[in-house]
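Coordinates in review
Here are the chains, one letter per residue:
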Amino acid sequence: MRILVLTAAIGLTIAISTTAQAFCGFYVARADTSLFNQASQVVLVRDGNRTVITMANDFQGHVRDFAVVIPVPTFIEREQINVADNALIEHLDAYTAPRLVEYHDPDPCVRYEQREMAMSSGSPASKVFEDDMDRDRALGVTIEASYSVGEYDILILSAEESNGLITWLDENDYNIPPGAGRVVDSYLKQDMRFFVARVNLEEQASLGYTNLRPLQIAFESNRFMLPIRLGTLNASGKQELYVYALTRSGRVETTNYRTVRLPSNTEVPEFVETEFGEFYRDMFAKQTRAQNERAVFLEYAWDMAWCDPCAADPLTADELRSLGVFWLRDKTGRGGSKILPQPAQDVFVTRLHVSYDSEHFPEDLVFQETGDRQNYQGRYIIRRPFTGTINCDASAYQQATRERQEREAQNLANLTGWDIDEIRARVPYLGDIRPETESIPWWRRIWQ
Amino acid sequence: MNIFRTLADPRYYQIAVLSSLVIFGVCILDFGIHWYNALALIISTQIVQYICMRVAGLTPFDPLSAGVTSLSLTMLLRTDAIAIAVIAACIAIGSKFLLRAGGKHIFNPANIALVTLMFCSDNAWVSSGQWGSATLGALTLACLGFLVLTRARRAETTIAFLLAYAALMTGRALWLGDPLSIPLHQLQNGALLIFAFFMISDPKTTPDRSSTRIFYGVFVASVAYIIQFVFYEPNAAIIALILCAPVVPVLDRIARGRHYRWESPADPRASNF
């Protein structure tokens, strides 16, 4: 038996499409969560003290070995648990993923100026575990509830102390990693319960699902946090976590760690198109190191009503409601309007990405919702030089383009730490002439 | 004017440190502080201070306290609306002249502006996690420098608050069986240091006697702990200070002491604002 605590990886491919045109460039590719192994994805819907949490699993082993233990701040009723569709999270991932866009230079003989568009900132409950109740009591463990939801069998456990709970989990074939006792004890003293889910193979077979679907829990709590401490115990090295926060007022940030915007809106060489995934991974690693491995990174913050350019369409009101955006019901419920899908309003999405371990992230992530509705996206730009026939003296355009290509090469080296000479060797400078911008002193050009 | 007497006014040091921190935050740390909001805050606090002093018939005009208030607000208040910055200035300075007891203002001006806007507006918030551990060393040094330069006069509140808060965090970790890296992480918070050295330290809104100041520091730390770990509200210390402030006039009545006066202004009455 293997335990999985908030660790999972969602498999998606990098989609390539050049159909959408917008202010902020033509969409080329995106860097979605499939770039990182063992990535967990969590959707947090929050308004006031109401929270709906959706946890995505793409467990790689046999489902009979799957189990998840999650600390929860309150008792959870059967009706507060749901199983969602993987496609929801895949869509949210695609919509919010960092993106590569492109611009094509116009014919220099028609006009020389380049437009730089500024980004606008804008079953009723059934007993499923037949455990020896006396043994449970002897261990001080209380099974507060047991439910069967979709393909999952779920227990809500509380305990007097951690040793009893750890022993109980061990006796019930949950393989708890060493060191868990202390962390479990800490959560128990904070009046937290444990949400334990494993797969009911018969149910799964009858439902016909092959992948594990995301679990959802809705609860009320003043604590706007995500417990990550158990997750650091059974992992070797760092874990990748994506948090998608869906809120009413604005961007979400961590209050106990620095939330940093990733460098964005940077021009990079054309060849990045074919290796956008590697580019993004290396850039993320470099930025993480630059922040002493202690920062949470903002990858996307946007009003859910639109996008520019769109890496995927915004989520529909139905999709958002399925993810737990409970306040949308008020809007469409009134008047009984059936005109769907409508663009979702009143939802602000924040995508946070963190690479964590216990050394650099000793404490659980604590969040707050801010009033900041300024739009932000991880956006990287490639500019295609004009390749048509030039029927005029375009030497100025060509020189400017070569200098731009050199800048793009340097940007790429700065962002990723890749070797500048290797980058330069792959840049198709116009006319195969590389401008020696570094070695020419600025004063030499003044009187030429 | 005696230059040494003038420089003995701790507000010069506060303004120097806070200005450096604002510039550092804007240029290096990407705090999300908009320059125009900062400017609006700094100018409007001075205007409101000027108007209030004129109405109260106080001379000469003393820009220092309003300067410290505007810089504290710039550092802690986040907003995307310039109007919020102006309203913050009005609340902060206005409260000094309107909400008074026993010849002192009750609330720290920046504190009351922050809390009022945090709870009344969707467009105002405080980003407490934005300092990062890398910059903490420099910040600690700046804060300790403040203690040295002012010879720790009236610094009992700051010291008592920090020690009590550290003790509570450590105690909680020991009770929960958490590693000590957790309380250490909780204490390595830039916003907490700014609060301790530039907000709760305000000699005008702390009790007049040394013993009551120590009690007050511990009291604020305890309330902050309850807000953070019972009610799980962010920005606990800032909220705690506003809740505890009305206790000061009571403490002053129980244990009378000497009102604090800033060193520089000529008119002793003006130094009360």
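As the structure is a prediction and not an experimental result, all values here were calculated from the model.

**Quick notes on the overall build of chain B**
Of the regular secondary structure elements, chain B holds 13 helices and four strands. Per-residue burial for chain B yields a buried fraction of 58% across its 273 residues. Of all intrachain contacts in chain B linking residues separated by at least 6 positions in sequence, the fraction that spans at least 24 positions is 79%. Surface exposure of chain B reaches about 11500 Å², of which carbon and sulfur atoms provide 70%.

**Details of the overall build of chain A**
Tallying secondary structure elements over chain A gives ten helices and 20 strands in all. Residues counted as buried form 57% of the 448 residues belonging to chain A.

**Remarks on the nonpolar core**
By size, the foremost hydrophobic cluster in this structure holds 101 residues, and its most contacted members are A:Ile154, A:Phe195, A:Leu215, A:Leu246, A:Phe279 and A:Leu365. Here this core gets seven residues from one element, more than from any other, and that element is strand 16 (residues 295-303) of chain A. Setting aside anything within four residues of it in sequence, one finds A:Phe195 in contact with A:Val68, A:Val69, A:Ile70, A:Val72, A:Ile81, A:Ile154, A:Leu155, A:Ile156, A:Leu215 and A:Ile217. Core analysis: the next-biggest nonpolar cluster, separate from the first, contains 73 residues, B:Leu71, B:Leu136, B:Ile194 and B:Phe195 among them.

**Thoughts on the environment of A:Asn200**
Residue and element names in this part refer to chain A. Following the sequence through the fold, asparagine 200 ends up in the loop between strand 9 (193-199) and helix 5 (201-207). Through-space distance from the C-alpha of asparagine 200 to that of isoleucine 154 is 9.5 Å; in sequence the pair is 46 residues apart. Sequence-distant contacts of asparagine 200, that is, excluding residues within four places in its chain, are made with Glu151, Tyr152 and Asp153. A polar contact is formed between the side chain of asparagine 200 and the backbone nitrogen of glutamate 202, at a distance of 3.2 Å. A distance of 3.1 Å separates the side chain of asparagine 200 from the backbone nitrogen of glutamate 203, its partner in a polar contact.

**Notes on unusual backbone geometry**
Residues and elements named next belong to chain A. Each neighbour pair has its own omega, and for aspartate 308 with proline 309 the value is -10 degrees, a cis peptide bond. Relative to the assigned elements, proline 309 resides in the loop between strand 16 and helix 7 (317-322). A positive phi is found at asparagine 292, a non-glycine position, where the angle reads about 55 degrees. Assignment of secondary structure puts asparagine 292 in the loop between helix 6 (276-290) and strand 16. Look at glutamate 293: it is not a glycine, yet its phi comes out positive at around 60 degrees. Along the chain, glutamate 293 falls in the loop between helix 6 and strand 16.

**Brief notes about the interface of chain B and chain A**
How big an interface is tends to be reported as the loss of accessible area on association of its parts. The interface is formed by 30 residues belonging to chain B together with 27 residues belonging to chain A. Across the chain B to chain A interface the summed buried area is about 2300 Å²; carbon plus sulfur atoms make up 45%. Across the chain B-chain A interface, the total number found is one salt bridge. A salt bridge links B:Asp178 to A:Arg229; the nearest nitrogen and oxygen atoms lie 3.0 Å apart. Taken together, the links from chain B to chain A amount to 13 residue pairs in polar contact (both at pLDDT 80 or more). Looking at the side of chain B that touches chain A, the elements that each hand over two or more residues are strand 4 (124-126), helix 8 (156-176) and helix 9 (181-187) of chain B. At four residues, the largest contribution of residues to the side of chain B that touches chain A is made by helix 9 of chain B. Of the residues belonging to the side of chain B that touches chain A, the class tally is twelve nonpolar, 13 polar and five charged.

**Notes on the sheet that holds strand 9 of chain A**
All names here are of chain A. Here four strands make up an open sheet; going across it, the order is 4-9-8-7 and the pairing antiparallel. Only two strands of the sheet have a single neighbouring strand rather than two, namely strand 4 (67-72) and strand 7 (141-149). Each strand axis lies, on average, 20 degrees off the axis of its neighbour in the sheet, ignoring direction. Note that strand 7 and strand 8 (residues 152-159) share eight bridges and pair antiparallel. From the neighbouring strand, valine 141 faces strand 8, where its bridge partner is alanine 159.

**Section: the sheet that holds strand 13 (residues 252-254) of chain A**
Think of a sheet as strands paired side by side through backbone hydrogen bonds, with each pair either parallel or antiparallel. All names here are of chain A. Strand order across the open sheet formed by three strands is 11-18-13, with antiparallel pairing between neighbours. Pairing within the sheet leaves two strands with one partner each, and these edge strands are strand 11 (225-226) and strand 13. As judged from the three bridges shared by strand 13 and strand 18 (residues 365-369), these two strands associate in the antiparallel manner. Of the residues in strand 18, the one forming a bridge with glutamate 253 is glutamine 368.

**Side note on the packing of helix 6 of chain A against helix 9 (residues 395-416) of chain A**
All names here are of chain A. The N-to-C vectors of helix 6 and helix 9 enclose an angle of 55 degrees; their axes lie 7 Å apart at closest approach. By the angle between their axes, helix 6 is oblique relative to helix 9. Of helix 9, the residues touching helix 6 (which contributes Phe279, Asp282, Met283, Lys286 and Gln287) are Leu412, Ala413, Asn414, Leu415 and Thr416. Of the residues contributing to the contact of helix 6 with helix 9, the split by class is five nonpolar, three polar and two charged.

**Looking at the state of the cysteines**
Residue and element names in this part refer to chain A. Scanning all chains against the criterion turns up two disulfides over all chains. Here cysteine 109 is linked by a disulfide to cysteine 392, with a sulfur-sulfur distance of 2.1 Å. Looking along the S-S bond of the cysteine 109-cysteine 392 disulfide, the torsion reads about -90 degrees, which is the left-handed sense. The class of cysteine 109 is partly exposed, set by a relative accessible area of 29%. Looking at cysteine 392, the relative accessible area reads 32%, which means it is partly exposed. The disulfide that involves cysteine 307 links it to cysteine 310, with 1.9 Å between the sulfurs.

**Some words on the pairing of strand 6 (residues 99-104) of chain A**
Residue and element names in this part refer to chain A. Within strand 6, five of the six residues are buried, which leaves it mostly tucked inside the rest of the structure. As paired elements, strand 6 and strand 20 (residues 379-384) share six bridges and run parallel to each other. Bridging across to strand 20, valine 101 finds its partner in isoleucine 381.

**What about helix 6 of chain A?**
Three- or four-residue spacings in an α-helix give side chains the same orientation, since the helix completes a turn every 3.6 residues. Over its 15 residues, helix 6 of chain A runs 21 Å from end to end, which matches the ideal 21 Å to within 8%, given 1.5 Å per residue. Where helix 6 of chain A terminates, the next one or two residues include A:Asn292, which has phi positive at roughly 55 degrees.

**A few points about a nonpolar patch on the surface**
Residue and element names in this part refer to chain B. A grouping of Trp35, Tyr36, Leu39, Ile43, Ile47, Tyr50, Ile51, Val55, Phe61 and Ile82 is seen on the molecular surface, where their side chains present a nonpolar patch of about 1000 Å² in accessible area. Within the fold, isoleucine 51 resides in helix 3 (residues 35-55). Classification of isoleucine 51 as partly exposed rests on a relative accessible area of 46%.

The rules behind these values
Residues numbered from 1 in each chain as written. Chains lettered and ligands numbered in written order. Predicted model: local features only at pLDDT ≥ 70, side-chain atom pairs only at ≥ 80, totals over all residues. Heavy atoms only, no water. Helix = DSSP H or I, 4+ residues; strand = E, 2+ residues; numbered from the N terminus. Buried < 20%, exposed > 50% of the residue type's maximum accessible area, 1.4 Å probe, protein only. Contact = heavy atoms within 4.5 Å. Areas by Shrake-Rupley, 256 points an atom, 1.4 Å probe, with all protein chains shown as cover. Core = buried A, V, L, I, M, F, W, Y, C linked by side-chain atoms within 4.5 Å. Polar contact = N/O pair within 3.5 Å; in protein donor to acceptor, adjacent residues only side chain to side chain. Buried area = accessible area lost by both parts, 1.4 Å probe. Salt bridge = Lys/Arg side-chain N within 4 Å of Asp/Glu carboxyl O. Nonpolar A, V, L, I, M, F, W, Y, C, P; charged D, E, K, R; others polar. Pairing = 2+ DSSP bridges. Axes fitted to C-alpha atoms, helices over the stretch in contact; angles between N-to-C directions. Parallel < 35°, antiparallel > 145°, perpendicular 65-115°, else oblique. Disulfide = S-S within 2.5 Å. Expected span 1.5 Å × (residues − 1). Patch = residues over 30% accessible without salt bridge, like charges linked within 9 Å, V, L, I, M, F, W, Y side chains within 5 Å.

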